[in-house]
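Chain by chain, the residues:
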Amino acid sequence: MKVLNYLFRIGVLFQVLLLISCNHNNTGDISSKQTIPDLVDYNFHIRPILSDKCFACHGPDVNQRKADLRLDTEEGAFSALKDYDEDRFAFVSGKPHESEAYIKMSSQDTSEMMPPPKFNVKVTEYEIKLVKKWIEQGAEYKPHWAFVPPVKAELPTVTDKEWATNEIDYFILNKVEGMGLTPNERADKARLLKRVAFDLIGLPPTLEMQEAFMNDNSEQAYEKVIDELMANVHYGEKMAVHWLDVARYADSHGYQDDGLRTMWPWRDWVIHAFNENYSYDKFLTWQLAGDLLPEKNIEALLATGFNRNHKITQEGGVIDEEYRIEYVTDRTNTFGKAFLGLTFECAKCHDHKYDPILQKDYYSTFAFFDKVPEKGLFGTIDANFADPPNMTIDDELISNLLTFINKKDTASVNVMVMQDSVGIRETHILDRGNYDAKGQIVSFNTPEAILKYDTINFEKNRLGLAKWLLSDEHPLTSRVFVNRIWQEFFGRGIVKSVGDFGMQGDLPTHPELLDWLAVDFRENDWDIKRLIKKIVMSSTYTQSSVIEKIKLEKDPENIYLSRMHRTRLNAEMVRDQVLANSGLLNREIGGPSVKPYQPDGLWAAATSGRGLLKAYIQDHGDDLYRRGIYTFIKRTVPPPVMLTFDASNRDQCEVRRLTTSTPLQALIMLNNPTVLEAARVLAERLDEEGLQNDGKISKAFNLIICREAKEKEKSLLLQYYNERLLEYEANPEEAKKFIDVGEYPPKENRNDVTVAALMQVIHTIYNMEEAITKS
């Protein structure tokens, strides 16, 4: 059965890869089949072409600009070209054949063609037609859409108003109907409950919850479930997972020695903040500048650990200033991606090639994070778990103020936090990003193309920076966060490139919806739970994931959401669900990270031989069964099972996990000791309940798949059970050997033969694709 299951999943993977290959090989003539829109828009049609094909040589970076021609601004594009004796222009409104940019794009002469052939980038025939029509229509330039403050548009008109539950549905349905499609029917109750449970708490619904929901036929049944799940203490854990990726949280310092650090109390705070529904403006401000609030706030100081989650070296002989600059660089880059959704790091060594972020802008923002009294190398690997500035958390502090921290012993714990020292140093532009190539001195500022930093209203420190982000005129902050929350529920953002809202990023599929949600979020006090409830209550979210042929043809990637995505559970949830439905899960909230089962010698090959993390020492007892969010992350050797299921290695800020489908994932589900132990424990418990064999199988199926098994499914599984039962009755030693897995104590007086046969069935259910798919 194991072999058949493995071969089946390999076969599916091969078909997917074959399909991708065929699609890839057939892309050559796609552009010739595309229809030129009636109205060509600069932001949605022309700027992507110019950004991809032209801005590298004719964009924001003055050092790389050729022929003194700048095409990323209206002024530059319509200025007279300096390489001609007579007045010639890159673009002439209404006259493509007098527009030098169009002439060179469409030229077949390799000495005139732009981009030059040596760049191996060619403007397609479709793109040339777009540019021509845009020029004919007036060649209107517009500011980059993401740098214009969002506006709450009127709800679009739709035909099927009864389908729309809330405002989200009007925007989605308008696009769906425009494609000649209709949305899917509502998902059946069992699948909808499973979906929303995993999305809100990261755990499968219990049998009691399933039964209550299936039997509740009131109109408010679904909303009651949502409210129940959002009030669940595990909601904060689920929501924290994506933020830990953003904040690059780990349990070790990184670099070669990769010593132990104690940042887990900050993780406890993140879980607490989501459970208490801290508004996003508070959540953002405390993490960026909790140490600078007018009134001293210990909890807000702990929140600033966000800025100190970067890697830190403890390696003797390093150059102190070089690594201090690395830490500030990481904080600046993380700020850019986490809150602005921009590739800020591209301006560290030179002006940004595509976005209006000058190198001076980069280091002016860098200045906000450059006033911390820290060293590049502070202490030794054996004794230093939290470089200063840090705070000490003891029992008294937990009893009086930080009651959410789960500290398990009486020893105090140190956590790295932020602190500014006024006048500690001047910030310089660093030539080519080199730590020792100090150039012009810069002060606190931000890229003016995003929003001017008004020093009258914003302090010249990180608190002022937080206020700048939260300004009503800021074009990015609410858009970026709303887009990332949308990604959590639909598998992709309205802007697919969630970490790049700049010129090279993807365009929003539903720009009016993104802006409506962004403004609505800000107008309603940055209420995260309210935003999430609006999403999961929408008819868009509650659709079934059934795929119809016409929809696959018209919208193969489901960009317009005429159906719900089928999404695999993330790495943490794959672990959590087998622990939860087997009854093994330790539901404790917070506390230090734990070390579950891992391959022998996991850390030995990558250790420097120094510090407390030389060898992987597995935990025992209840700590073996904690949720995936608490698994110990050593940066140089991240947990391999989690990496295989696409978890972040926490090396740097990550805002989007890729979703892959590989044979290794199938092998893990077949052979991982946690999965096998869960199957064994659940088999023991069901075997003890005195149910008939088909009743045991049905209950296991309900627990794992979260719906009732179909008759054919039950029949196949019962047949498989009977086959294994006969086999083990003839070979009881094989049965005993098979169930000898995991440290959880076996049930006394168990029947090894029946437990082994039932364990085989449960293990098979765990290996169904549906077991690790939330829709």
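Computed from a predicted model, the values in this text were never measured in an experiment.

Engineer: Lay out the overall build of the protein in plain terms, naming residues and giving numbers.
Structural biologist: Per the secondary structure count, the protein includes 32 helices and four strands. Scaling as 2.2 N^0.38, a compact globule of 775 residues should have a C-alpha radius of gyration of about 28 Å, and the protein matches this with 29 Å. Once the C-alpha set of the protein is aligned to its principal axes, its extents read approximately 95 × 60 × 50 Å. Counting the 775 residues in the protein, one finds 55% classified as buried. The long-range fraction of contacts in the protein, counting pairs at least 24 apart against all pairs at least 6 apart in sequence, stands at 71%. Summed over all atoms, the accessible surface of the protein reaches about 33400 Å², with 50% contributed by carbon and sulfur.

Engineer: Which residues make up the side chain of Asn558, and what values go with them?
Structural biologist: Along the chain, the position of Asn558 falls in the loop between helix H24 (549–554) and helix H25 (571–582). The buried category is assigned to Asn558, whose relative accessible area is 1%. Dropping the residues within four chain positions of it, Asn558 is found in contact with Arg563, Met564 and His565.

Engineer: Please set out the packing of aromatic side chains residue by residue, giving values where relevant.
Structural biologist: Scanning the model with the defined rule gives 40 aromatic pairs in all. Taken together, a centroid distance of 5.8 Å and an interplanar angle of 25° make the contact between Trp243 and Phe306 stacked. With a gap of 63 residues between them, Trp243 in helix H12 (residues 234–246) and Phe306 in the loop between helix H15 (298–303) and helix H16 (320–340) connect regions that are remote in the sequence. What makes Trp243 buried here is its relative accessible area of 0%. Under the relative-accessibility criterion, Phe306 is labelled buried at 2%. Taking 5.5 Å as the distance between ring centres and 80° as the angle between the ring planes, the aromatic pair formed by Phe521 and Trp526 counts as edge-to-face. In this structure Trp526 comes out as buried when scored by relative accessible area, which is 6%. Positioned over the ring face of Tyr222 is Arg186, at 5.1 Å from the centre of the ring. Above the plane of the ring of Tyr278 lies Lys282, whose end atom (NZ or CZ) is 3.9 Å from the centre.

Engineer: Quick one: what's the story with the domain arrangement of the protein, residue by residue and with numbers?
Structural biologist: Buried accessible area, meaning the area lost when the parts come together, often serves as the stated size of an interface. Taken domain by domain, the protein consists of domain 1 (2–143), domain 2 (163–186 + 476–554), domain 3 (189–231), domain 4 (247–264 + 305–458), domain 5 (568–660) and domain 6 (671–774). Distance between the C-alpha centres of domain 3 and domain 5: 28 Å. At the junction of the two partners, domain 3 supplies five residues and domain 5 supplies nine residues. For the domain 3 face of the interface with domain 5, the top three residues by lost area are Phe198, Leu203 and Pro204, together amounting to 74%. One can count zero salt bridges joining domain 3 with domain 5. The interface formed by domain 3 and domain 5 includes two residue pairs in polar contact (both at pLDDT 80 or more). Tallied by class, residues from the side of domain 3 that touches domain 5 come to four nonpolar, one polar and no charged.

Engineer: Which residues make up the pattern of salt bridges, and what values go with them?
Structural biologist: Enumeration over the complete set of coordinates arrives at 51 salt bridges. Asp245 is paired through a salt bridge with Arg657; the nearest N and O atoms lie 2.6 Å apart. Residue Asp245 is located in helix H12, and its partner Arg657 is located in the loop between helix H26 (640–644) and helix H27 (663–671); the two are separated by 412 residues in the primary sequence. What makes Asp245 buried here is its relative accessible area of 6%. Taken together, the shared-partner salt bridges connect Asp188, Arg191, Arg707, Glu713 and Glu770 into one network.

Engineer: Give a description of helix H10 (residues 207–215) that names residues and reports values.
Structural biologist: Every buried residue of H10 is listed here: Met209, Gln210 and Phe213. When H10 is viewed along its axis, its buried side chains cluster within an angular range of 100° and face the same direction. Residues of H10 that are exposed and angled more than 90 degrees away from the buried face: Glu208, Glu211 and Asn215.

Engineer: Go over the packing of helix H11 (residues 221–230) against helix H22 (residues 528–537) with me, naming the residues and quoting the values.
Structural biologist: Remark: H11 packs on H22, axes separated minimally by 11 Å, with the N-to-C direction vectors making an angle of 145°. Relative to H22, H11 is oriented so that their crossing is right-handed. Contacts between H11 and H22 involve Tyr222, Glu223, Ile226, Asp227 and Met230 from the first element and Lys529, Ile532, Lys533, Val536 and Met537 from the second. Classifying every residue of the contact of H11 with H22 by side-chain character gives six nonpolar, no polar and four charged.

Engineer: Summarise the nonpolar core; cite the residues concerned and give the values.
Structural biologist: With 184 residues, the main nonpolar core has Trp243, Trp266 and Trp269 as its most contacted residues. The element best represented in this core is helix H32 (residues 752–766), accounting for ten residues. If we ignore the near neighbours within four places in the chain, the residues touching Trp266 are Trp243, Leu244, Ala247, Tyr249, Gln287, Leu302, Ala303, Gly305, Phe306 and Asn309. Judged by nonpolar contacts, the second largest core, of 26 residues, contains Ile46, Ile49, Phe55 and Tyr126.

Engineer: Talk me through H32; I want residue IDs and the actual numbers.
Structural biologist: Over its 15 residues, H32 extends 20 Å from the first C-alpha to the last, a length consistent with the 21 Å expected when each residue adds 1.5 Å. When you tally the buried positions in H32, you get 14 out of 15 residues, the bulk of the element. Two to three positions downstream of the cap, the backbone nitrogen of Val753 sits 3.1 Å from a side-chain oxygen, assigning the N-cap of H32 to Asn751.

Engineer: Tell me about the environment of Val121, and name the residues and values.
Structural biologist: When you line up the elements, Val121 lands in the loop between helix H6 (100–106) and helix H7 (125–136). Separated by 336 residues in the primary sequence, Val121 and Asn457 have C-alpha atoms spaced 46 Å apart. Not counting the four nearest positions on each side in its chain, Val121 is found in contact with Asp52, Lys53 and Pro115.

Engineer: Give me the packing of helix H29 (residues 693–705) against helix H30 (residues 711–730): which residues, what numbers.
Structural biologist: It is at 10 Å that the axes of H29 and H30 come closest, and there the two elements cross at 120°. As summarised for this structure, H29 and H30 are arranged oblique, according to the angle between their axes. In this structure, H29 crosses over H30, and the sense of that crossing is right-handed. Residues Asn693, Asp694, Ile697, Ser698 and Phe701 of H29 touch H30, and the partners they reach there are Glu713, Lys714, Leu717, Leu718 and Tyr721. Of the residues in the contact of H29 with H30, the class split is five nonpolar, two polar and three charged.

Engineer: With reference to specific residues and values, describe the state of the cysteines.
Structural biologist: Under the counting rule described, the total for this entry stands at zero disulfides. Distance from the sulfur of Cys346, which forms no disulfide, to the nearest cysteine sulfur (Cys349) is 9.6 Å. Since its relative accessible area comes to 33%, Cys346 is described here as partly exposed. Cys346 provides the cysteine sulfur closest to Cys653, a residue in no disulfide bond, and the two sulfurs are 13 Å apart.

Engineer: Report on unusual backbone geometry, specifying residues and quantitative values.
Structural biologist: Cis geometry marks the peptide bond from Met114 to Pro115, where omega comes out at -5°. Turning to its location among the elements, Pro115 is positioned in the loop between H6 and H7. In this structure, Asn120 takes a positive phi of about 55° despite not being glycine. Here Asn120 is to be found in the loop between H6 and H7. You can call Asn120 exposed: its relative accessible area is 71%. A positive phi angle, near 60°, is found at Tyr255, a position not held by glycine.

Engineer: Give me the side chain of Asp216: which residues, what numbers.
Structural biologist: Tracing the backbone shows Asp216 in the loop between H10 and H11. Among the polar contacts listed, one links the side chain of Asp216 to the side chain of Ser218, at a separation of 2.7 Å. Beyond its immediate stretch of four places on either side in the chain, Asp216 contacts Lys189, Ala221 and Lys224.

What counts, and where the lines are drawn
- Residues numbered from 1 in each chain as written.
- Predicted model: local features only at pLDDT ≥ 70, side-chain atom pairs only at ≥ 80, totals over all residues.
- Heavy atoms only, no water.
- Helix = DSSP H or I, 4+ residues; strand = E, 2+ residues; numbered from the N terminus.
- Rg over C-alpha atoms; globule rule 2.2 N^0.38 Å.
- Buried < 20%, exposed > 50% of the residue type's maximum accessible area, 1.4 Å probe, protein only.
- Contact = heavy atoms within 4.5 Å.
- Areas by Shrake-Rupley, 256 points an atom, 1.4 Å probe, with all protein chains shown as cover.
- Phe/Tyr/Trp six-rings, centres within 6.5 Å; stacked < 30°, edge-to-face > 60°.
- Lys NZ or Arg CZ within 6 Å of the ring centre and 35° of its normal.
- Domains from an automatic or database assignment.
- Buried area = accessible area lost by both parts, 1.4 Å probe.
- Salt bridge = Lys/Arg side-chain N within 4 Å of Asp/Glu carboxyl O.
- Polar contact = N/O pair within 3.5 Å; in protein donor to acceptor, adjacent residues only side chain to side chain.
- Nonpolar A, V, L, I, M, F, W, Y, C, P; charged D, E, K, R; others polar.
- Arc of directions from axis to C-beta.
- Axes fitted to C-alpha atoms, helices over the stretch in contact; angles between N-to-C directions.
- Left-handed = near helix turned anticlockwise from the far one by under 90°.
- Core = buried A, V, L, I, M, F, W, Y, C linked by side-chain atoms within 4.5 Å.
- Expected span 1.5 Å × (residues − 1).
- Parallel < 35°, antiparallel > 145°, perpendicular 65-115°, else oblique.
- Disulfide = S-S within 2.5 Å.

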